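Results of the structural survey
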2 protein chains.
Amino acid sequence: MAKRLSTKQDYQSLIDDYDTWLFDCDGVLWEGNRLIPGATDILAFLRSQNKSVIFVTNNATQSRRMYKGKFDKLGVEAHVDEIFGSAYAAAVYISSVVKLPKDKKVYVVGMAGIEEELGVENIQCIGGTDPVDNTLEPFDFGSWKPDPSVGAVLCGLDLSVNYTKLSKAFQYLLKNPECHFLATNGDSTYPSAYGLLPGAGAVMSPVKTALGREPLYIGKPNPTMLECIKAKHHFDPKRTIMVGDRLNTDIEFGRNGGLSTLLVLSGITKESDITGPNASSTVPEYVTGSVGDFRAVIP
Amino acid sequence: MAKRLSTKQDYQSLIDDYDTWLFDCDGVLWEGNRLIPGATDILAFLRSQNKSVIFVTNNATQSRRMYKGKFDKLGVEAHVDEIFGSAYAAAVYISSVVKLPKDKKVYVVGMAGIEEELGVENIQCIGGTDPVDNTLEPFDFGSWKPDPSVGAVLCGLDLSVNYTKLSKAFQYLLKNPECHFLATNGDSTYPSAYGLLPGAGAVMSPVKTALGREPLYIGKPNPTMLECIKAKHHFDPKRTIMVGDRLNTDIEFGRNGGLSTLLVLSGITKESDITGPNASSTVPEYVTGSVGDFRAVIP
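What you are looking at is a predicted structure, and each value in this text was computed from that prediction instead of being measured.

Looking now at the overall build of chain A. Helices and strands together make up the secondary structure of chain A, namely eleven helices and 16 strands. Against the compact-globule benchmark of 19 Å for 299 residues, chain A has a radius of gyration of 20 Å, which places it among compact chains. Overall, chain A is about 65 × 40 × 35 Å in size when its C-alpha atoms are taken along their principal axes. For chain A, with 299 residues in total, the buried portion stands at 59%.

As structure tokens, then:
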């Protein structure tokens, strides 16, 4: 059973026990464009205590560079090398694990953040934000010439998803069994400032449904994301804690990586998801209302 | 095991044994805009033998009236009262089973065919082809005013599917547990003239995935469609045969309704799907290459 943090001593112990703090962002530090009250305070306090702070997000609509802009806008200190997004992790996976030949391309169902991270890794891509594929006209299958150099399909949250992109992604995978089928993350929803909206796992589900098979998911809770972080930061898993709002992504991710886990109830997971007869089988080590609760220990 | 039709006598026996012939269309009579060779001959021959001919399609992009236009264009005799589409069946279901109050509305993820059939049943709808909802701009959740009169969400194949329609459908269902969640059909793909494309079951899967629950499917293989046909045509199930190209829709539909079934291999189902170690557990009563094979018995 999760330990419910409540006293000043509870929060102080946690700060004493962990040197590296991994934070999910949406639902933990902010909801949409609204900061969770106290988020900047705990981050500043951790830094003042010489703790390492790392941001781990499944948000693949933005590159790390673009995501840094969001921190800046909200007045939260963050550095690009502290930010790990699923678009970046997918690009690293394609270049260093898949080792996609340089003359091959990735067909993208997704936004500029994915394209930018693929570019950083020198991976060619098509689809995505290309105006040709961003149309609400019916897909002109008869005139379409598939690009024979497509060796992978990468799907992420795409707020401009349409039938043309879904159809092309499906066709590339259907016609070429060698074509890699990747998804930045499988989150079924994401918390916007105004409530839940369909997430990357929902937006790419037409491709999965039509094809009848699952993609390889890169983001949390899968280990690929942690491999990416490990390649850049040294940390002791025993003194590292993952703070997140989702059991099936953040908390699973921490547990899969041998990290401690702290669930905050300021995002997706509600009290009823962790207590009572219908509680999830994924149990965090600690639970608290929001990161703002740490203000108890901030002088 | 399915009986493989091959001799002239096989085809003649089938014609002798069944008075009512239910045909799926895509993959059986045509593929996209290309007629299956011999389709018009068998239909004309059946009519000449005083057989009843009924067309049963999961295609919900078109109303029966619009679908009749396709028959006309391809030179295939058909009458509107012989055509049963899943858009029509959904409209009948909403008016006569759900009995949606007349001041309530249906939010549509789908095309003009659904809107027309809902109109015929005097059901109000929003979404669908409304230009306001057909945009590739990000969904403006903050400015959106949900219509409190929405009492059902109906999803069908929508070649202009976008994030705004998926988000609104999801929000109506998430916020109102009384809101009915219906899908015209669950076909994961459909055969176009140039190959497979994502079907209604794929296009609506983001709503299902985000919501974490299944809609009620109206079309084949579900009995709602057969109820619709029975309300308009009298037939003896023992002397009725369903001809289709999909095991999990057409053949299941016939079997669920106590009809005989004939699988044609001119569409989705391939030889390997019905023979060998990975064969489906759904077994048709008869199987043949295409409806063109009936030319053996046509004088």
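Turning our attention to the nonpolar core. The biggest cluster of nonpolar side chains holds 60 residues, and the ones touching the most others in it are Val153(A), Tyr163(A), Val153(B) and Tyr163(B). In contact with Val153(B), not counting residues within four places along its chain, are Tyr107(B), Ala169(B), Tyr172(B), Leu173(B), Cys179(B), His180(B), Phe181(B) and Leu182(B).

With 35 residues of chain A at the contact, the number on the chain B side is 35 residues. Buried area between chain A and chain B, summed over both chains or domains, comes out near 2,800 Å², and the portion from carbon and sulfur atoms is 73%. Between chain A and chain B we count zero salt bridges in total. Across the contact surface, chain A and chain B share nine residue pairs in polar contact (both at pLDDT 80 or more). If one sorts the elements of the side of chain A that touches chain B by residue count, helix H6 (residues 163–175) of chain A sits on top with six residues.

Residue and element names in this part refer to chain A. Buried within helix H5 (residues 112–120) are the following residues: Gly113, Ile114, Glu115, Glu117 and Leu118. Along its buried surface, H5 packs onto helix H3 (64–74), helix H4 (86–98), strand E7 (105–109), strand E8 (124–127) and strand E9 (150–155). Phi turns positive, to about 60°, at asparagine 122, one or two residues after H5.

Moving on, we get to the domain arrangement of chain A. Residue and element names in this part refer to chain A. Parsing chain A into structural domains produces domain 1 (3–58 + 221–297) and domain 2 (93–217). Averaged C-alpha coordinates put domain 1 and domain 2 at centres separated by 30 Å. Between domain 1 and domain 2, the residue contacts involve eleven residues of the former and eleven residues of the latter. Summing both partners gives a buried area of about 850 Å² for domain 1 against domain 2, and 51% of it is carried by carbon and sulfur. When the area that domain 1 buries against domain 2 is broken down by residue, the three leading residues are Asn58, Arg246 and Ile268, summing to 45%. On inspection of domain 1 and its partner domain 2, the count reaches one salt bridge. For aspartate 187, the salt bridge is made with arginine 246, and the minimal N-O distance between the two is 3.6 Å.

A separate point is the environment of Ile15(B). Its place among the elements puts Ile15(B) in helix H1 (residues 8–17). Separated by 226 residues in the primary sequence, Ile15(B) and Ile241(B) have C-alpha atoms spaced 9.8 Å apart.

So, on to the relation of the copies chain A and chain B. In summary, the two copies of the chain are related to each other by a rotation about an axis coupled with a shift along it. After a rotation of 180° and a shift along the axis of 0.0 Å, chain A superposes on chain B with an RMSD of 0.0 Å. Considering both components of the superposition, the chain copies are consistent with a two-fold axis. Mapped onto chain B, 100% of the interface residues of chain A again fall at the interface, so both copies present the same surface.

As a further point, take empty space enclosed by the protein. Summary: where empty space remains is shown by rolling a probe the size of a single water molecule over the atoms. Residues and elements named next belong to chain B. Summed over the entire model, instances satisfying the criterion amount to one cavity of 30 Å³ or more. The volume enclosed by the largest cavity comes to roughly 30 Å³. Forming the walls of the largest cavity are Thr57, Asn59, Gln62, Ser63, Arg64, Tyr67, Ile83 and Gly85. Looking at the lining of the largest cavity, the elements with two or more residues in it are helix H3 (64–74) and strand E6 (83–85). For the lining of the largest cavity, the per-class residue count stands at two nonpolar, five polar and one charged.

Moving on: the environment of Ser192(A). All names here are of chain A. Of note, serine 192 is situated in strand E11 (residues 189–192). A relative accessible area of 10% means that serine 192 is categorised as buried. Sequence separation between serine 192 and alanine 60 is 132 residues; the distance between their C-alpha atoms is 14 Å. Polar contacts involving the side chain of serine 192 include one to the main-chain carbonyl oxygen of glycine 195, which spans 2.7 Å.

What follows concerns helix H9 (residues 223–232) of chain A. Because an α-helix packs 3.6 residues into every turn, residues spaced three or four apart end up facing the same way. Those residues of H9(A) that sit buried are Thr224(A), Met225(A), Leu226(A), Cys228(A) and Ile229(A). In this structure, the buried side of H9(A) is in contact with strand E2 (20–23), strand E5 (52–57), strand E6 (83–85), H4 and helix H10 (247–256) of chain A.

Residues and elements named next belong to chain B. Relative to strand E8 (residues 124–127), strand E7 (residues 105–109) is paired through four bridges, and the arrangement is parallel. Within E8, the residue paired with valine 106 across the bridge is cysteine 125. Regarding the hand of the β-α-β motif, the stretch spanning E7, helix H5 (residues 112–120) and E8 is right-handed.

Reading guide: rules and limits
- Residues numbered from 1 in each chain as written.
- Chains lettered and ligands numbered in written order.
- Predicted model: local features only at pLDDT ≥ 70, side-chain atom pairs only at ≥ 80, totals over all residues.
- Heavy atoms only, no water.
- Helix = DSSP H or I, 4+ residues; strand = E, 2+ residues; numbered from the N terminus.
- Rg over C-alpha atoms; globule rule 2.2 N^0.38 Å.
- Buried < 20%, exposed > 50% of the residue type's maximum accessible area, 1.4 Å probe, protein only.
- Core = buried A, V, L, I, M, F, W, Y, C linked by side-chain atoms within 4.5 Å.
- Contact = heavy atoms within 4.5 Å.
- Buried area = accessible area lost by both parts, 1.4 Å probe.
- Salt bridge = Lys/Arg side-chain N within 4 Å of Asp/Glu carboxyl O.
- Polar contact = N/O pair within 3.5 Å; in protein donor to acceptor, adjacent residues only side chain to side chain.
- Domains from an automatic or database assignment.
- Least-squares fit on C-alpha atoms with pLDDT ≥ 70 in both.
- 1 Å grid on protein atoms, 1.4 Å probe; cavity = no way out; pocket = protein on both sides within 12 Å on 5 of 7 lines; lining within 4 Å.
- Points joined across faces, edges and corners; volume = space filled by probe spheres on them.
- Nonpolar A, V, L, I, M, F, W, Y, C, P; charged D, E, K, R; others polar.
- Pairing = 2+ DSSP bridges.
- Right-handed = clockwise from strand over helix to strand, strands pointing away.

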